[in-house]
Number of protein chains: 4
Amino acid sequence: MKKIALISTGGTIEKTYDELSGLLANKVSVLDVMLAALELRGVAVQRIQLMNKDSLEMTAAEHTMIAETADRMARACDGVVVVHGTDRLAESGERLVELVGTPMTPVVFTGAMRPYELRNTDAEQNLTEALLAVQLLRPGVYITMHGQVLQFPGVVKDRQLGTFTRPGRPERDP
Amino acid sequence: MKKIALISTGGTIEKTYDELSGLLANKVSVLDVMLAALELRGVAVQRIQLMNKDSLEMTAAEHTMIAETADRMARACDGVVVVHGTDRLAESGERLVELVGTPMTPVVFTGAMRPYELRNTDAEQNLTEALLAVQLLRPGVYITMHGQVLQFPGVVKDRQLGTFTRPGRPERDP
Amino acid sequence: MKKIALISTGGTIEKTYDELSGLLANKVSVLDVMLAALELRGVAVQRIQLMNKDSLEMTAAEHTMIAETADRMARACDGVVVVHGTDRLAESGERLVELVGTPMTPVVFTGAMRPYELRNTDAEQNLTEALLAVQLLRPGVYITMHGQVLQFPGVVKDRQLGTFTRPGRPERDP
Amino acid sequence: MKKIALISTGGTIEKTYDELSGLLANKVSVLDVMLAALELRGVAVQRIQLMNKDSLEMTAAEHTMIAETADRMARACDGVVVVHGTDRLAESGERLVELVGTPMTPVVFTGAMRPYELRNTDAEQNLTEALLAVQLLRPGVYITMHGQVLQFPGVVKDRQLGTFTRPGRPERDP
């Protein structure tokens, strides 16, 4: 049985709809609902609800806290998945590489462009991919989304395409 | 851009409901609908619709044809995903190992316990996992389902649990 | 607050998937799940789980029991909805007209051609319509499905179209 | 075959998600997608896309235009459904009563508290109810939502409950 830590920090993937205000916001975590819909064999998921924020509102201290938590859980588990808002996801990823270089076990960031609450969301695909990739990758810091695995450092969000790229480098270090 | 062959052979995952007979059967392929719902970056999927059968009805010749097609596509692509009925999936996987040992690129089998047509299906999870795993695994023959990757030979269906295991061995060869 | 009795008898609408046998069958009632997904104001629904059968297997005594239960609840409530398999739905409807002519309050039968468990089901549409129609119709025996209200006697299933018609008559008595 | 006009004006029900801005807005009409998911027998729906606005942004002239269009279509069809933002839905309904008193055929307003794009929406329920109610009601101006039919004048939105009521009056005129 593999032990995977699942750290949630908020972001679009976890936004829910408030019908009185008519707005999408980070209020309650939907990750437990998403996990319940997956059938996971041979994996024990340990949930860490760190924060629930739009990443545009994260401070430098919060990026550091996310990186430190990921590093600590990487020592205690066989791998770590971090659910994060896409706008500043790369900041937390780069911070982790700055702090520890290569963590003890793989740390895979993921997020979504369209909240889980939407009928047409990429949240389930991305969480499914992250939970699988974290079992197959060697220690390092990665993002998995949209059928693609990219390794930090050097990952950036392509705001036009609504996804991530690693300009001028291979997807993963050899 | 990675080139992945996606071979469909039928099975529960592709069963659709016929409202006049009230039965689930393998008639049309739903894989294209499933693919359209995924957001895939950096992957070009080549579809091969080989057959659309409940695997309980597959002949020895058909298992061999599936294995040979997977081997041929493994030479032409960066990886192969085979969608298959779970009841006889292991036969096709073992046949491929018998025929070629280790194919040129990874061949990942997958399927589902509950058809895509159902509200509560494992089809999307399993296809998502297979399309990701095939990019990360080294050459070999595997099954990916329910958050787990197992390597042939030696994989069997656990009919009680409704999933696959590899008794008395590690998940993957070292 | 209107009091509506909701009698369930089974049928396609309530069929669920058994992943070990690979078959759809009437085992547990999904009506409570369906009700929980609706937002109902001004209506108190009283659930009566009478049986859970494919209507092709109903005996004459069971059709009579359904009709008698509907008549009894029509005396106690402001209206009655009966969820029924479509194959023999008309038998129960005609039986009710034979037994009591016009019940005290409206009795609306409904069902589905595709189980609620399917992604592409007509179950929610038909239940929603029946719960609304029963509030607006005058006392009588009806079927509501597929955006249409038809009055008994004289309703038959059109097995080609997969819906109901009332040949040679207006939809409802004037 | 009944002829029903379906007038869309926008509102929460038609809001879609823009993944680049992360906001829900009225851009494209989703009513055609919703209609395609319904199975409608004996009803011919004529679509009129009048505008696609959050009703909080409607001007007095627009409320009048909606009322006049509904009145005109009520003369040409067997009934009219108007999809409208809930915040100012009552203004358009009252305007129609002021202008024509009782239209030639029933006019049924509806909307949603949660956009169709959400997994957990009331849009399908409310549209289904409106399309059924318009066939059963006598000429008048109504709102149908959440399993309830209320007649204008005198309908108001209850912003606490997120639904409509008709304070101090029966649901419908006798």
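Residues numbered from 1 in each chain as written. Chains lettered and ligands numbered in written order. Predicted model: local features only at pLDDT ≥ 70, side-chain atom pairs only at ≥ 80, totals over all residues. Heavy atoms only, no water.

Student: Tell me about helix α4 (residues 123-136) of chain B, and name the residues and values.
Tutor: Compared with the 20 Å implied by 1.5 Å per residue over 14 residues, the 20 Å span of α4 of chain B between its first and last C-alpha is a close match. α4 of chain B sits mainly inside the fold: 13 of its 14 residues count as buried. (Helix = DSSP H or I, 4+ residues; strand = E, 2+ residues; numbered from the N terminus. Expected span 1.5 Å × (residues − 1). Buried < 20%, exposed > 50% of the residue type's maximum accessible area, 1.4 Å probe, protein only.)

Student: I'd like to hear about the packing of aromatic side chains, residue by residue, with values.
Tutor: Scanning all chains against the criterion turns up four aromatic pairs over all chains. Judged by centre distance (6.1 Å) and plane angle (65°), the rings of Phe 109 of chain B and Phe 152 of chain B are edge-to-face. Of the two residues, Phe 109 of chain B sits in strand β6 (residues 107-110) while Phe 152 of chain B sits in the loop between β8 (148-151) and β9 (156-158), which places them 43 residues apart along the sequence. Taking NZ or CZ as reference, Arg 119 of chain D lies 3.7 Å from the ring centre of Tyr 116 of chain A, over its face. (Phe/Tyr/Trp six-rings, centres within 6.5 Å; stacked < 30°, edge-to-face > 60°. Lys NZ or Arg CZ within 6 Å of the ring centre and 35° of its normal.)

Student: Summarise the interface of chain A and chain B; cite the residues concerned and give the values.
Tutor: Listed per partner, the contact involves 27 residues of chain A and 27 residues of chain B. Taken together, the two surfaces of chain A and chain B that pack against each other cover about 2,300 Å², and 51% of this comes from carbon and sulfur. Sorting the residues of chain A by area buried against chain B places Glu 39, Arg 41 and Leu 136 of chain A first, and these three jointly supply 30% of that buried surface. Counting across the interface, chain A meets chain B through four salt bridges. One salt bridge in this structure joins Glu 171 of chain B and Lys 2 of chain A, with 2.9 Å as the shortest N-O distance. (Contact = heavy atoms within 4.5 Å. Buried area = accessible area lost by both parts, 1.4 Å probe. Salt bridge = Lys/Arg side-chain N within 4 Å of Asp/Glu carboxyl O.)

Student: Quick one: what's the story with helix α2 (residues 60-76) of chain C, residue by residue and with numbers?
Tutor: All names here are of chain C. Here α2 contains 17 residues, and its C-alpha end-to-end distance of 25 Å stays within 8% of the 24 Å for a straight helix at 1.5 Å per residue. All buried positions along α2 are accounted for by Glu 62, His 63, Ile 66, Ala 67, Thr 69, Ala 70, Asp 71, Met 73 and Ala 74. Close packing links the buried residues of α2 with β1 (2-10), β4 (43-53), β5 (79-83), α3 (89-100) and β6 (107-110).

Student: Can you break down the sheet that holds β5 of chain C residue by residue, with the values?
Tutor: Residues and elements named next belong to chain C. Taken in spatial order, the six strands of this open sheet run β4-β1-β5-β6-β7-β8, and their pairing is mixed. Sheet topology places β4 and β8 (148-151) at the edges, where each strand pairs with a single neighbour. Neighbour-to-neighbour, the strand axes of the sheet open up by a mean angle of 20°, direction not taken into account. Pairing of β6 with strand β7 (residues 141-145) involves three bridges; the strand directions are parallel. Its bridge partner being in β7, Val 108 is matched across the sheet by Tyr 142. (Pairing = 2+ DSSP bridges. Axes fitted to C-alpha atoms, helices over the stretch in contact; angles between N-to-C directions.)

Student: Hey, could you go over the relation of the copies chain A and chain B for me, with residue numbers and the actual values?
Tutor: Taken as rigid bodies, chain A and chain B are interconverted by a rotation of 180° and an axial shift of 0.0 Å, the fit giving an RMSD of 0.0 Å. Here the transformation between the copies is reduced to the relation of a two-fold axis. The position closest to the rotation axis in chain A is occupied by the C-alpha of Glu 129 of chain A, lying 3.0 Å away. (Least-squares fit on C-alpha atoms with pLDDT ≥ 70 in both.)

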